[in-house]
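Examining the three-dimensional arrangement
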Amino acid sequence: MTKPALLIHPPLGLFEMRLADYDVVHWPTDRKDVRAAVTIGSVGISNAMIDALPELGAIVCFGVGVDGIDLAYAAKRNIAVTHGREINHEDVADVAIGLMIAVCRGFTEGERVLRENRWAPPLAIPPQRRLRGRKLGVVGYGAIGQSIAHRAEAFGLEIKWFGPRAKPEAQHAYEPDLPKLAEWSDILAIAARGDQGRIITADIIKALGSDGILINISRGSLVDEDALIAALKSGALGGAGLDVFQEEPTPAVRWENVPNTTLTPHLGGGTREALYAGSQNVMENLRRFYAGEPLLTPVA
Ligand SMILES: NC(=O)C1=CN([C@@H]2O[C@H](COP(=O)(O)OP(=O)(O)OC[C@H]3O[C@@H](n4cnc5c(N)ncnc54)[C@H](O)[C@@H]3O)[C@@H](O)[C@H]2O)C=CC1
Ligand SMILES: O=C(O)C(=O)CO
């Protein structure tokens, strides 16, 4: 029996994903019989690729984000899009809290001082910020945002959140005005859906202020990164903890001499457990698509 052609883009080392039932092809391809494509949200399947694949009926995202796909265009072409809803939110929230602690307590500067033999007692680095009692604004109160908020409670932070609409079931105070939330917050954690454009503008960064800290574990495209770097360099912003960047991989030179930052290379969802769950999610969505069954986790 002929195996169905499956486009994998980019060519991914997908964690324990069994694809022996498929004839895997990569882009560019002249195969016109590709009915399904697997991708990661931050890369996606472009409209030009969609146009070149007349039989395409499903785009299956490994992971949560779908920012690299024009959802309206896919819908117009009757192409279903699925993603790995809730496969990694707890792990990403752990990283957000880790970044908060690292920035407040100066881990990155402390480690640099130690490794460069510049540790001069009694205080190796200037006094740091205590986490307990600080005000945390969460932008995007979905799976990750709520997991961050629940963890932050245990650290004694006061919490408010912003999103497109109030949620009656929310366990934390809703602030419908993003600039107001930034003004109120000591720490602003970005956990909004990644395809929302540049919602963290220079004005939001300014409102956060010279003692404020920005944490971003969602997508770099949500933040005006040039404004962020300028604010960190001038001291208009107190610090930043970033797992995601405007361009990935971000050039290291871009972060030279940018103070009070802890940077991680988009590792939030990178636990073995989450990657395994992501692979299972992709395989089950593919199986259902080819079997003509309702998809497991279509994008809402
Ligand atoms: N750093 C990493 O490794 C990872 C990053 N992500 C990113 O995090 C994002 C969020 O993931 P989840 O919480 O699992 O998704 P989710 O769908 O559960 O939550 C997204 C939330 O964003 C809110 N939202 C939508 N537009 C908004 C706006 N303009 N302003 C504020 N909030 C807005 C939605 O109402 C929703 O509550 C993903 O879209 C993805 O881009 C996801 C997983 C791993
Ligand atoms: O799940 C996602 O969207 C990711 O960014 C994975 O790391």
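Residues numbered from 1 in each chain as written. Chains lettered and ligands numbered in written order. Predicted model: local features only at pLDDT ≥ 70, side-chain atom pairs only at ≥ 80, totals over all residues. Heavy atoms only, no water.

This part is about the pairing of strand β4 (residues 58–61). By the alternation rule, side chains of β4 split into A58 and V60 and I59 and C61, which are all buried. Pairing of strand β3 (residues 36–39) with β4, which is carried by 4 bridges, proceeds in the parallel orientation. Bridging from a neighbouring strand, V38 pairs with V60 of β4. Taken together, β3, helix α1 (residues 47–52) and β4 constitute a β-α-β crossover, and its handedness is right-handed. Traced from β4 through helix α2 (residues 71–76) to strand β5 (residues 80–82), the parallel crossover comes out right-handed. (Buried < 20%, exposed > 50% of the residue type's maximum accessible area, 1.4 Å probe, protein only. Helix = DSSP H or I, 4+ residues; strand = E, 2+ residues; numbered from the N terminus. Pairing = 2+ DSSP bridges. Right-handed = clockwise from strand over helix to strand, strands pointing away.)

Feature annotation in UniProt places "domain: D-isomer specific 2-hydroxyacid dehydrogenase catalytic" (unreviewed entry) on residues 32–299, given in this structure's numbering. Between the C-alpha atoms that bound residues 32–299 the distance is 25 Å, and the span itself is 35% helix and 14% strand. (UniProt positions renumbered as here; feature names shortened; annotations may be inferred.)

To continue, consider unusual backbone geometry. In this structure, P10 follows H9 across a cis peptide bond, with omega equal to -5°. Within the secondary structure layout, P10 lies in the loop between β1 (5–8) and β2 (23–25). Omega for the peptide link from W27 to P28 comes to 5°, which places this bond in the cis form. Along the chain, P28 turns up in the loop between β2 and β3. Despite not being glycine, N260 has its phi angle at roughly 55°, a positive value. Within the element layout of this structure, N260 appears in the loop between β11 (239–242) and β12 (261–263). Despite not being glycine, H266 has its phi angle at roughly 45°, a positive value. Judged by its relative accessible area of 32%, H266 is partly exposed.

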